[in-house]
Amino acid sequence: MVALDRLVDVLGSLGTHLACAPRGRDVELRGVALHDPAENTPAAAGDVLLGLGTPSVAAAARLVSSTVASAVVLHGRPPIDERVVAAAKKSGAAVLLVDPSVPWSQLANVTQTLVNGGTRTGDLFGLADVIAGVVGGPVTIEDQQSRVLAYSYRQEDVDPVRVQTILGRRVPEEARRALDEFGVFTHLASSDEPIFVPKLTPQLGNRLVAAVRAGRELLGSVWVEVTGPVDAARSAALVDGARTAALHLLRSRASTDLERQAEADLVIRLLEQPESADVARLGLPAADLRVIAVQAHAGEGEHGAAVLAFQRATAGFGWSRPGRSALFGNVLYTVIPAADDAVAWVRSLVRELPAEATVLAGIGGPAEATQLPTSRQEADECLALSTGAPVVYDDAWAQVLLHRLAAVAEAGRVPTRGPISNILRYDAEYGTQYATTLKAWLAAQGDVRAAARELNVHPNTLRYRMQKMAEVTPLPLDDPEQRLAMAIALQITR
């Protein structure tokens, strides 16, 4: 079971447009049905009805008008015809328009996986073995970022780049640059025809490459290491294999989306109302955890980079991941074992995002599962202090404390009268620099020469200012508590 809103989000990558939703986007979908004009098989309430066999607007309107399904999927491009809109209002069914270039088989598999909650993503490794046997050469199946999703069983006598690709789970950067300069990625972005890539470097042998595509969206690619150009039959076999890989990846995306949502729900609950059971379900230890808060911005989109960061943080359900993540508003929260390098995790995430993205990060202190709300607060406060590099609470606790005190000061919860208030008013009225001078003197613990060096003035100048300050307001410099209070007041004054 899944909400209509989530089905629209997942199918959006296939060029899907929600044309109308008379009952809103929160309608729950419980099954999938195929429209068969010959058998006239009825759909049930709560079904997603795939509208095969509707060659005209009139046929589509009749189908939508007569169904009890909660949603009907039709091939077509917006805007939707008013006759279909009227039919939808009559039956209450939502209508989704999908780009006609997307095959019904792809739509059916993705929709069934998402609505029925399937978790099987298909055996990509088995598919790689089949392609290797037909085309004749070791195979890797990769995503858009050149990360390895699967590879064939036989990898004997492969070139060094293939070995590094499999061991590192992605194409080495030097090899990727050579392929990019040859135009491989440009070709994959626009063509479904396989491209033969000759030996570009001593370590990078011949390749036959085909795009894995769903509709107009490039999902990844299939790479076969070959000894030379191949004949038309083997090339056609690679194209067929790439189409099958697209189906696997689409089903994997739908399953992954369900896993992401389940993970996010558990993480949010853990950060707000921690329970040890949630930690166990997430596969995390019950102690020595910390929270990372990340904000990502790129271009004019308010949340686009944040959503991409969430996808990257939760990518690779087939590989081990140290953290578990949730996107809350425009902040990505990740709970990670304290033993892992949180700063390195943030840096690896940044590498996965577009170069133009601005990424800020705060890292909370170590905590047990029941203390994670505190670690989250610390992560949020560190995030507020971040200007680029990740800010870690362990190192920045003093700045966090002062930031909290500054917030209290802005709320009017500190004394508005006293020596510091008097000095600040005097500076504002007469243009003196007594507050800066006193702050340096306190930071130097009364060492006149050290404070003078900090201010780049003569020690006698500093002594003179301290004397004049005492004429403006009483300065109890011999009292440790008073000195501490004045230092804090000066630090949080903006």
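Residues numbered from 1 in each chain as written. Predicted model: local features only at pLDDT ≥ 70, side-chain atom pairs only at ≥ 80, totals over all residues. Heavy atoms only, no water.

## Quick notes on the overall build of the chain
So the rule is basically this: Each helix is a run of DSSP H or I of at least 4 residues and each strand a run of E of at least 2, with the numbering of both proceeding from the N terminus. Burial here depends on accessible area, computed with a 1.4 Å probe over protein chains only, as a share of the maximum for the residue type. Under 20% is buried, over 50% is exposed, and the range in between is partly exposed. Contacts between residues were defined by any pair of non-hydrogen atoms, one from each residue, lying within 4.5 Å. Only the protein chains shown count as covering a residue, and every accessible area follows the Shrake-Rupley method with a 1.4 Å probe.
Helix and strand counts for the chain stand at 19 helices and 17 strands. Relative to its full complement of 494 residues, the chain shows a buried share of 46%. Excluding contacts between residues fewer than 6 apart, the proportion of contacts in the chain whose partners are at least 24 apart in sequence is 59%. Carbon and sulfur atoms form 50% of the exposed surface of the chain, whose accessible area is close to 24,600 Å².

## As for the side chain of Asn206
Mapped onto the fold, Asn206 is located in the loop between β10 (195-197) and β11 (207-214). A residue is classified by how much of its surface remains accessible, and Asn206, at 18% relative accessible area, is buried. Residue contacts for Asn206: discarding those within four places in its chain leaves Phe196, Val197, Pro198, Lys199, Val224, Glu225, Val226, Thr227 and Gly228.

## Brief notes about the sheet that holds strand β16 (residues 358-363)
Applied cut-off: Note: two strands are recorded as paired if DSSP finds a minimum of 2 bridges between them. The angle between two axes is taken between their N-to-C directions and runs from 0 to 180 degrees, where each axis is a line fitted to C-alpha atoms and a helix contributes only its stretch in contact.
Ordered in space as β14-β15-β13-β16-β17, the five strands form an open sheet in which the pairing is mixed. The strands lining the two open edges of the sheet, one partner per strand, are β14 (324-328) and β17 (391-392). Strand contacts of helix α12 (residues 342-352): β13 (289-297), β14, β15 (331-337), β16 and β17, with the helix running at about 25° to β13, the strand carrying the most contacts. Contacting β13, β14, β15, β16 and β17, helix α13 (residues 372-385) crosses the sheet at an angle of about 35° to β13.

## Structural notes on the pattern of salt bridges
Under the convention used in this document: Salt bridges are defined as contacts in which a side-chain nitrogen from Lys or Arg sits within 4 Å of a carboxyl oxygen from Asp or Glu.
This structure, assessed with the given rule, holds 12 salt bridges. Of the charged contacts in the structure, one is a salt bridge between Arg147 and Glu352, with a shortest N-O distance of 2.9 Å. Taken together, the positions of Arg147 in the loop between β8 (139-143) and β9 (148-151) and Glu352 in helix α12 put the pair 205 residues apart, joining distant regions of the chain. In this structure, a network of salt bridges that share partners links the residues Asp143, Arg147 and Glu352.

## Some details on the pairing of β16
A large share of β16 lies buried, amounting to five of its six residues. Sheet analysis places β13 next to β16, joined by six bridges and oriented antiparallel. Bridge pairing in β16 places Ala296 opposite Val359. Where β16 meets β17, two bridges bridge the pair, whose relative direction is parallel. Across the sheet, the residue bridging to Gly362 is Val391, located in β17.

## Description of α12
Applicable threshold: Pairs of N or O atoms are called polar contacts if they sit within 3.5 Å, as long as, within protein, a hydrogen donor faces a hydrogen acceptor (for residues adjacent in sequence, only side-chain-to-side-chain pairs).
Here α12 has its buried residues at Ala342, Val343, Trp345, Val346, Leu349 and Glu352. Backbone nitrogen of Val343 and a side-chain oxygen of the N-cap are separated by 3.1 Å at the start of α12; the cap is Asp341.

## A word on the pairing of β14
Across five bridges, β14 lies against β15 in antiparallel orientation. Each bridged residue has a counterpart across the sheet, and for Phe328 the counterpart in β15 is Val331. Between β14 and β15, which pair antiparallel and follow one another directly, the connecting turn spans two residues, one of which, Gly329, has a positive phi of 65°.

## A look at the environment of Val350
Turning to its location among the elements, Val350 is positioned in helix α12. Among the residues examined, Val350 registers a relative accessible area of 36% and is labelled partly exposed. For Val350 and Arg312, which are 38 residues apart along the polypeptide, the C-alpha to C-alpha distance reads 9.5 Å.

## Observations regarding unusual backbone geometry
The omega angle of the peptide bond from Pro78 to Pro79 is 5°, so this bond is cis rather than trans. Here the phi dihedral of Ser146 falls at roughly 65°; this positive angle occurs in a residue that is not glycine. For Ser146, the location among the structural elements is in the loop between β8 and β9. Taking relative accessible area as the criterion, Ser146 reaches 3% and is therefore assigned buried. Even without a glycine there, the phi angle at Asp288 is positive, about 55°. Assignment of secondary structure puts Asp288 in the loop between α10 (276-281) and β13. Given a relative accessible area of 52%, Asp288 falls into the exposed group.

## Quick notes on the nonpolar core
Among soluble globular proteins, nonpolar side chains are generally buried collectively. This is how the line gets drawn: Here, nonpolar core refers to any group of buried Ala, Val, Leu, Ile, Met, Phe, Trp, Tyr and Cys residues whose side-chain atoms link them within 4.5 Å.
One finds Leu4, Leu29, Leu96 and Val222 to be the most contacted residues of the largest nonpolar core, which totals 47 residues. Considering each element in turn, this core owes the most residues, seven residues, to helix α9 (residues 232-272). Discounting residues that sit within four places of it in the chain, Leu4 has contacts with Leu18, Ala21, Gly24, Arg25, Val27, Leu29, Ala71, Ala94 and Leu96.

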